[in-house]
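A look at the structure
Chain by chain, the residues:
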Amino acid sequence: MVTSEEEITHRLEERDVARGVRRAQAATTVGGLARRHTELAGQLASLERELGEILMRAGDVIDVPELAQVTDIPAAELTRWRDQTAKLARGGKRKRPSATTSDTNRQPTTRPRAARPAALVELEAAGPAGIAAGAAGS
């Protein structure tokens, strides 16, 4: 039995509605989780800054290895928190000079073509056959 055009349209509309509901649920869930992730990441960054500040201030009375030993927190974690905060206190990451700055003091990385040996220039001009012949002659 062949389904009528009306029945086909009705079935497609039902599927579209169900799909639309699932799409909306997925988008809503992803959006909510992303907002929550952003909030938690901000809280985590704040906690790490606070830990780093405390580690820096307490450095004169307890060092990282001893603190790691008594707290069971890996020394690498403690060091990372401390160093991250110290780096921020110094002004953060260094910026590379922009491309607009003058490069007058820089030496070229390759020699100009004229400064290359004449024999090499001739071989390159002859193409692969000239290079092969030059290599055979040496």
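Small disclaimer: the values here were computed from a predicted structure and weren't measured. (Residues numbered from 1 in each chain as written. Predicted model: local features only at pLDDT ≥ 70, side-chain atom pairs only at ≥ 80, totals over all residues. Heavy atoms only, no water.)

1. Brief notes about the overall build of the protein
Check the secondary structure of the protein and you find four helices and zero strands. Listed by position from the N terminus, the elements making up the protein come as α-α-α-α. A buried classification covers 9% of the 138 residues belonging to the protein. Of the contacts formed within the protein by residues at least 6 apart in sequence, a portion of 43% connects residues at least 24 apart. For the protein, the accessible area works out to roughly 12100 Å², and carbon and sulfur atoms hold 57% of it. (Helix = DSSP H or I, 4+ residues; strand = E, 2+ residues; numbered from the N terminus. Buried < 20%, exposed > 50% of the residue type's maximum accessible area, 1.4 Å probe, protein only. Contact = heavy atoms within 4.5 Å. Areas by Shrake-Rupley, 256 points an atom, 1.4 Å probe, with all protein chains shown as cover.)

2. So, helix 2 (residues 64-71)
Residues spaced three or four apart along an α-helix face the same direction, because each turn holds 3.6 residues. Those residues of helix 2 that fall on the buried side of the exposure criterion are Val-64, Leu-67 and Ala-68. Down the axis of helix 2, the buried side of the element spans an arc of 100°, and every buried residue falls inside it. Exposed side chains of helix 2 directed beyond 90 degrees from the buried face belong to Pro-65, Gln-69 and Val-70. Residues of helix 2 that are buried in the fold lie against helix 1 (5-57) and helix 3 (75-90). Its side-chain oxygen 3.1 Å from the backbone nitrogen of Glu-66, Asp-63 forms the N-cap of helix 2. Downstream of helix 2 by a residue or two, Asp-72 has a phi angle that is positive, lying close to 60°. (Arc of directions from axis to C-beta. Polar contact = N/O pair within 3.5 Å; in protein donor to acceptor, adjacent residues only side chain to side chain.)

Such coordinate-based values are descriptive only and should not be taken to indicate function.
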